[in-house]
Amino acid sequence: QVQLVESGGGLVQTGGSLRLSCAASGDIFTIGPMNWYRQAPGKQRDLVSTITSGGTPNYADSVKGRFTISRDNAKNTLYLQMNSLKPEDTAVYYCNAVDKVDFKDYWGKGTLVTVSS
């Protein structure tokens, strides 16, 4: 089992920045790709960014150029640096990890990001 705990959410003005963190614990040695998802009120949960165990990132078009995903495997922590935030970035952000052996999904409980206009 893997436990994921997000932190770093909060209220920020348009154009501001936040850095989300996701601390992983438990059976972390088989964690492969890690991802950030977000879910706005009344909408589906969408993939924001993904990073492989080797550090290769990918981004949704809506955040490309503004968000940066990274992972520190020594600290078992995933990050999402969010710059130039917009009101449409308001959502609960979830950390996700995929086991590279059995492909099981693990989820954190989420952290709320609110961007005021």
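In this text, all values refer to a predicted model and were calculated from it rather than measured experimentally.

**Describing the nonpolar core**
- Counting 27 residues, the largest nonpolar core has Leu4, Met34, Trp36, Leu80, Met82 and Tyr93 as its most contacted members.
- If you list the elements that add at least two residues to this core, you get strand 1 (2–7), strand 3 (18–26), strand 4 (31–39), strand 5 (45–51), strand 7 (67–72), strand 8 (77–82), strand 9 (91–99) and strand 11 (111–116).
- Contact partners of Tyr93, with chain neighbours within four places excluded, come to Glu6, Leu20, Trp36, Tyr37, Arg38, Val48, Phe67, Leu80, Met82, Gly110, Thr111 and Val113.

**Brief notes about the layout of surface pockets**
- Taken as a whole, the largest pocket spans an internal volume of roughly 180 Å³.
- If you go around the largest pocket, the residues you meet are Ala24, Ile28, Phe29, Ile31, Met34, Ser53, Arg71, Asp72, Asn73, Asn76, Thr77 and Lys100.
- Those elements giving two or more residues to the lining of the largest pocket turn out to be strand 4 and strand 7.
- In terms of residue class, the lining of the largest pocket is made up of five nonpolar, four polar and three charged.

**Looking at the packing of aromatic side chains**
- The tally for this structure, following the rule as stated, stands at one aromatic pair.
- Between Arg45 and the ring centre of Trp107, over which it is positioned, the NZ or CZ distance is 4.8 Å.

**With respect to the sheet that holds strand 3**
- Strand order across the open sheet formed by four strands is 1-3-8-7, with antiparallel pairing between neighbours. Of all strands in the sheet, those with a lone pairing partner are strand 1 and strand 7, marking the two edges. Strand after strand, the sheet turns through a mean of 15° between neighbouring axes, direction not considered.
- Sheet topology places strand 7 next to strand 8; six bridges connect them, and they run antiparallel. Of the residues in strand 8, the one forming a bridge with Ile69 is Leu80.

Reading guide: rules and limits
- Residues numbered from 1 in each chain as written.
- Predicted model: local features only at pLDDT ≥ 70, side-chain atom pairs only at ≥ 80, totals over all residues.
- Heavy atoms only, no water.
- Core = buried A, V, L, I, M, F, W, Y, C linked by side-chain atoms within 4.5 Å.
- Buried < 20%, exposed > 50% of the residue type's maximum accessible area, 1.4 Å probe, protein only.
- Helix = DSSP H or I, 4+ residues; strand = E, 2+ residues; numbered from the N terminus.
- Contact = heavy atoms within 4.5 Å.
- 1 Å grid on protein atoms, 1.4 Å probe; cavity = no way out; pocket = protein on both sides within 12 Å on 5 of 7 lines; lining within 4 Å.
- Points joined across faces, edges and corners; volume = space filled by probe spheres on them.
- Nonpolar A, V, L, I, M, F, W, Y, C, P; charged D, E, K, R; others polar.
- Phe/Tyr/Trp six-rings, centres within 6.5 Å; stacked < 30°, edge-to-face > 60°.
- Lys NZ or Arg CZ within 6 Å of the ring centre and 35° of its normal.
- Pairing = 2+ DSSP bridges.
- Axes fitted to C-alpha atoms, helices over the stretch in contact; angles between N-to-C directions.

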